[in-house]
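So you can see what is in the structure, the chains are spelled out below.
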Amino acid sequence: MRYIFIFDEPCWIFFCFSSLLLLSAVGQQTGPNVVQATVCSHWGAPTDKSLIQDGDVIIGGLFNLYHIPSTVDEDYTKKPHYEPCTGLELEPLKYSYAMVFAVEEINRNNTLLPGVKLGYRILDSCFLYPWALQGAMSLVGGDTHSCNLTAFAGPIESNEQPVVRAGGLPVPMIIGAASSTTSIMMSSTLGPLYVPVISYLSSCPCLSDRLKYPNFFRTIPSDVYQAWAMAQLAIRFHWTWIGAVVANNDYGQLAIQVFQKEIFGKGVCLEFIETLKTETIVTDAKRAALTIQASTARVILIFCWYTEVKKLLLELAKRNVTDRQFLASEAWSTSDDLLQDQTISKVTNGVLGVAIRSSTIPGFENYLRSLHPIRRPNDVFLREFWQKEFGCSPLSSYFSSSLIPRSEYLTNVSASSTDNVPPQKISPPLCSGTESLENVENHFTDTSQLRVAYNVYLAVYAAAHALHSLLSCNTHTCTFQKNIKHIELLQQLNKVNITTPHGERFYFQGADIPAMYDLVNWQKQPEGQLKLVLVGRVDGFNIHLNESAVQWSSGSSQVPFSVCSESCPPGTRKANRKGEPLCCFDCIPCIEGEISNETGSLNCEGCPSEFWSNVERTACVPRQLDFLSFNETLGITLTTVAASGVVVTTAVFVLFFCNRQTPMVRANNSELSFLLLLSLKLCFLCSLVFIGRPSVWSCRFQQAAFGISFALCVSCLLVKTLVVLVVFRSARPGAETLMKWFGPVQQRGSVFLFTCIQVIICTTWLSISPPVPRRDLGFQGSKVTLECAMGSLVGFSLVLGYIGLLACTCLLLAFLARNLPDNFNEAKLITFSMLIFCAVWVAFVPAYISSPGKYVVAVEIFSILASSYGLLLCIFAPKCFIILLRPEKNTKKQLMAR
């Protein structure tokens, strides 16, 4: 609400002077008569009603007993400049009687403050900060009158005279106020005076600061705890995408700050934060409702006063927004006004809220129902409640001109002036005296769940125990002193550690008490009404919640789902979207070799070297051993080709053996031809050694067999080439003796010698650093290749190099002998075979180096088979053709023809 204060100079000076006088009077307290301070106010004229009980020590109380009429609450932007407080609130009235009940109960107690009678002075602050502060100054100063200057926003039209109120002694402490902002103002103002302030409803975390507010205490927990509890509920139910609506004041702003701090780094994000301001509630509620309707968040957190929440819920009901789950703060989670409103019931079904803990006060219900104006003739609040409840005046003097409330008088004047009728004082009929609250059921008599009223009750007991300690009370009497020093009382309040009449331990932790809350749920009953159901509690930083008892907004026990992005399943990781909150992300599959086995993983973890990720990327499994086996397609193919080579070679061998006497076989040393066929068979067979699971002996044998077989094969071809050259050289005059050095024995010896060199190389290699089986974790992903490591690259290179040397020598000599004048010149066949052989093995080297895993072995086998087939076909295919299909050419004459 807006207040513009106009101070005239004389009254402003008087206000300052009076304040200084009040500070001096209360601070010194040098005698039994405390100087009465006059407070000058620009806040309009507060109600002059009060509830007073004399006593040795007077405790002050501030309650919001009245409120601005509801007709102007509809639109604060159109509210008149000044409206009096007229509507009596039943809940705050119950709070005030909780204070009265506690004082009377303490006065009846023989062990607490024996010999000392407590009194009280209760004033109304009408939900207005200035009136609350003026009331506090009045209580502390014990004023007898005040200078009234009207609060207005525009020209002053009122000619009202200052109101004279009944005075009283200054109170040593105040129980109030009902809002954090009011408590901040009161504590800041009364702090220099060391006047204790015990609030029953101010929950702002800022008030826990003992440096700023050393005189402040409260019997309601700090909002830190309820904001923490709401954050824990969001984390517990995996609500990662939440909207928030907060009051635009200390209550809402500080609470949402604590909430954001608690959810930071916990995977919970706020999609939006809307604020509601009392002065502009209509437009703010419409804006917030539109935001909620358009949002993707299904859980909405609301930190607001219940009157503001009602405006918002009405807007949501107009737009039929019924699929939101609301988290309620204690300011509206137990509001009967909202619970019983059928207009918004479809929106509020399933509300889960944090509430001020409920308790019982033994005897309090009977006390309330026994109240009667006849027994309390000076209780103006009870008389007004009685008239409102029963429609009659309990006392004939109630509406006398001296006692009629000024606010009611002004209301009657306003109503009558519209009909041009002079103001009238309308008196209701007198009560019969038989009226009673015994059978009345309303907010005032309902004590089933005492929340704020119990906080007031605790505040009175805390004050009483502090006074008990200050007055050095024993079991019989107290050392009573009229001049109670505020600072000493403040010190005793800090030490309060008591047990309440019904066994609850109570103490202050600085300004605060140990946090305790109820968790409540709004559940729809079969008859359609919403009912407040207790489903758990908060004890400090511990939450106890019966989830199965919660009814959610959908009407079922299924927890609502509110996320910006679905949780990433196992096998994927989160990837944040650029420019969006952390709760909005994409799910990226883990790469091969990495896994994530939890939902919502931020990163993928690599598998150990001997393991690999499964197809789903959710677990590391042992890598499969991979080698060229006889069972797979490639192994079967190579085995078939090798076996075919053996069969073909054997067939040629048999064919040559059967025709060993023919010129074609006998030409150029038939022994070398048979030895060549034998070596080719060994070459085909040695390729089979490379197939199958590598072992120590197979690794050693395969390279030795390969090297020796091919060395024997190429040696035979080299010697055959040399024989061709020698034969044609011996045909020249004077070269007859050349054949003596190249007879059959020398040919066999040459083949043996060339082969023995390879045997020596292989033996040395196998002796020094033989090939061994090993697991290759290289590039095979989920498979680990079991292969034969060469052991010594030099040894392998020497084996290949020696074969290459023999092949190149043979190719060179065969090339030189290709044009010799024979009809059947075997040198041409050897030349072609060596060309194929060399081409295959030249291509082998890069293919061998670049092939992964078991394909290295396949490349070597392919090279062995390709070169073996090349030799077999190039050398023996033409001869077999003549032997089988052209036998007429298989004569010496045909072979020797030029």
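Parameters at a glance
- Residues numbered from 1 in each chain as written.
- Predicted model: local features only at pLDDT ≥ 70, side-chain atom pairs only at ≥ 80, totals over all residues.
- Heavy atoms only, no water.
- Helix = DSSP H or I, 4+ residues; strand = E, 2+ residues; numbered from the N terminus.
- Expected span 1.5 Å × (residues − 1).
- Buried < 20%, exposed > 50% of the residue type's maximum accessible area, 1.4 Å probe, protein only.
- Polar contact = N/O pair within 3.5 Å; in protein donor to acceptor, adjacent residues only side chain to side chain.
- Contact = heavy atoms within 4.5 Å.
- Pairing = 2+ DSSP bridges.
- Axes fitted to C-alpha atoms, helices over the stretch in contact; angles between N-to-C directions.
- Phe/Tyr/Trp six-rings, centres within 6.5 Å; stacked < 30°, edge-to-face > 60°.
- Disulfide = S-S within 2.5 Å.
- Core = buried A, V, L, I, M, F, W, Y, C linked by side-chain atoms within 4.5 Å.
- Parallel < 35°, antiparallel > 145°, perpendicular 65-115°, else oblique.

**With respect to helix 22 (residues 793-816)**
Part 1 of the argument: Here helix 22 contains 24 residues, and its C-alpha end-to-end distance of 34 Å stays within 8% of the 34 Å for a straight helix at 1.5 Å per residue.
Part 2 of the argument: For helix 22, the full list of buried residues reads Gly-795, Phe-796, Val-799, Tyr-802, Ile-803, Leu-806, Ala-807, Cys-810, Leu-811, Leu-813 and Ala-814.

**A few points about the side chain of Glu-315**
Part 1 of the argument: With respect to the secondary-structure elements, Glu-315 resides in helix 9 (residues 306-318).
Part 2 of the argument: Overall, the relative accessible area of 8% leaves Glu-315 in the buried class.
Part 3 of the argument: Of note is the side chain of Glu-315, whose polar atom sits 2.7 Å from the side chain of Arg-319.
Part 4 of the argument: Setting aside residues no more than four positions away along its own chain, Glu-315 makes contact with Ala-285, Lys-286 and Ala-289.

**Observations regarding the sheet that holds strand 10 (residues 216-218)**
Part 1 of the argument: Pairing within the open sheet is mixed, and its 6 strands lie in the order 2-6-3-8-9-10. Both outer strands of the open sheet, strand 2 (50-53) and strand 10, are each paired with one neighbouring strand and no more.
Part 2 of the argument: With respect to the sheet, helix 4 (residues 129-141) is in contact with strand 3 (57-63), strand 6 (118-124) and strand 8 (174-175), its orientation differing from that of strand 3 by roughly 175°.

**A closer look at the packing of aromatic side chains**
Part 1 of the argument: For the structure on display, the rule yields 35 aromatic pairs.
Part 2 of the argument: Taken together, a centroid distance of 5.7 Å and an interplanar angle of 45° make the contact between Phe-710 and Phe-837 tilted. On the criterion of sequence distance, the pair formed by Phe-710 in helix 20 (residues 696-730) and Phe-837 in helix 23 (residues 826-850) is long-range, its members being 127 residues apart.
Part 3 of the argument: When its relative accessible area of 0% is taken as the criterion, Phe-710 is described as buried.
Part 4 of the argument: Here Phe-837 falls in the buried class, since its relative accessible area comes to 2%.
Part 5 of the argument: Each ring, one from Phe-837 and one from Trp-841, has its centre 6.3 Å from the other, and the planes form 50°; the classification is tilted. A residue pair is termed a helical-turn pair when its members lie 3 or 4 positions apart in one helix, as Phe-837 and Trp-841 do in helix 23 at 4 residues. Considered together, Phe-837 and Trp-841 belong to a single accessibility category, that of buried residues.
Part 6 of the argument: Among the aromatic residues, those joined into a cluster by ring pairs are Phe-706, Phe-710, Trp-765, Phe-796, Phe-837, Trp-841, Phe-844 and Tyr-848.

**Some words on the environment of Ser-393**
Part 1 of the argument: Inspection of the secondary structure puts Ser-393 in the loop between helix 13 (380-390) and helix 14 (406-417).
Part 2 of the argument: Residue classification places Ser-393 among the buried residues on the basis of a relative accessible area of 2%.
Part 3 of the argument: Considered as a pair, Ser-393 and Ser-427 are 34 residues apart in the sequence and their alpha carbons are 7.7 Å apart.

**Focus on the state of the cysteines**
Part 1 of the argument: Applying the stated rule across the entire model yields 9 disulfides.
Part 2 of the argument: The side chain of Cys-392 participates in a disulfide bridge whose partner is Cys-431; the two sulfur atoms lie 1.9 Å from each other. Disulfide Cys-392-Cys-431: the torsion about the S-S bond is 95°, which places it as right-handed. Within this pair, whereas Cys-392 is found in the loop between helix 13 and helix 14, its partner Cys-431 is found in the loop between helix 14 and helix 15 (452-470), the two being separated by 39 residues in sequence.
Part 3 of the argument: Residue Cys-564 pairs covalently with Cys-584 via a disulfide, S to S 1.9 Å. On the S-S bond that ties Cys-564 to Cys-584, the torsion sits near 105°, and the link is right-handed. Placement of Cys-564 in the loop between strand 20 (542-545) and strand 21 (572-576) and of Cys-584 in the loop between strand 21 and strand 22 (585-589) is noted, with a sequence separation of 20 residues between them.
Part 4 of the argument: Its sulfur unpaired, Cys-808 is 4.7 Å from the next cysteine sulfur, which belongs to Cys-838.
Part 5 of the argument: By relative accessible area, which is 46% here, Cys-808 ends up partly exposed.

**Brief notes about the nonpolar core**
Part 1 of the argument: Of all hydrophobic cores here, the largest spans 80 residues; its most connected members are Tyr-97, Met-99, Leu-113, Leu-118 and Phe-444.
Part 2 of the argument: Counting residues per element, this core draws most heavily on helix 15, which supplies 15 residues.
Part 3 of the argument: Not counting residues up to four positions away in its chain, the partners in contact with Leu-118 are Asp-54, Gly-55, Val-57, Ile-59, Val-103, Ile-106, Asn-107, Leu-113, Ala-464 and Leu-467.
Part 4 of the argument: One finds Leu-655, Ala-705, Val-714 and Val-719 within the second-largest nonpolar core, a separate group that totals 70 residues.

**So, the sheet that holds strand 19 (residues 530-539)**
Part 1 of the argument: With mixed pairing, 8 strands are arranged side by side in an open sheet as 12-11-13-14-15-18-19-20. With one partner strand each, in any of the chains shown, strand 12 (269-276) and strand 20 form the two edges of the open sheet. Sheet twist, expressed as the average angle between the axes of neighbouring strands with direction ignored, equals 25°.
Part 2 of the argument: Looking at chain direction, strand 15 (residues 352-356) and strand 18 (residues 516-524) are connected through 5 bridges and run antiparallel. Bridged to Ile-356 within strand 18 is Tyr-517.

**Things to note about the side chain of Gln-226**
Part 1 of the argument: Here Gln-226 lies in helix 6 (residues 223-236).
Part 2 of the argument: Classification of Gln-226 as buried rests on a relative accessible area of 0%.
Part 3 of the argument: For Gln-226, the side chain forms a polar contact with the side chain of Asp-223, separated by 2.7 Å.
Part 4 of the argument: Separated by 3.5 Å, the side chains of Gln-226 and Tyr-251 make a polar contact.
Part 5 of the argument: For Gln-226, the contacting residues outside a window of four places in its chain are Tyr-251, Phe-303, Ser-329, Glu-330, Val-354 and Tyr-517.

**Some details on the packing of helix 21 (residues 744-768) against helix 22**
Part 1 of the argument: At a minimum axis distance of 9 Å, the contact between helix 21 and helix 22 shows a crossing angle of 170°. Taken together, the axes of helix 21 and helix 22 lie roughly antiparallel to each other. Residues Phe-754, Ile-757, Gln-758, Ile-761, Cys-762 and Trp-765 of helix 21 pack against Gly-795, Phe-796, Leu-798, Val-799, Tyr-802, Ile-803 and Leu-806 of helix 22.

**A closer look at the pairing of strand 29 (residues 783-789)**
Part 1 of the argument: Judged by how many residues are buried, strand 29 sits mostly within the fold: 6 of 7 residues are covered.
Part 2 of the argument: Note: strand 27 (residues 624-626) against strand 29, 3 bridges, orientation parallel. Paired with Gln-624 across the two strands is Lys-783, which belongs to strand 29.
Part 3 of the argument: For strand 28 (residues 772-776) and strand 29, the ladder comprises 5 bridges, and the chain directions are antiparallel. Bridge pairing in strand 29 links Pro-773 to Cys-788.

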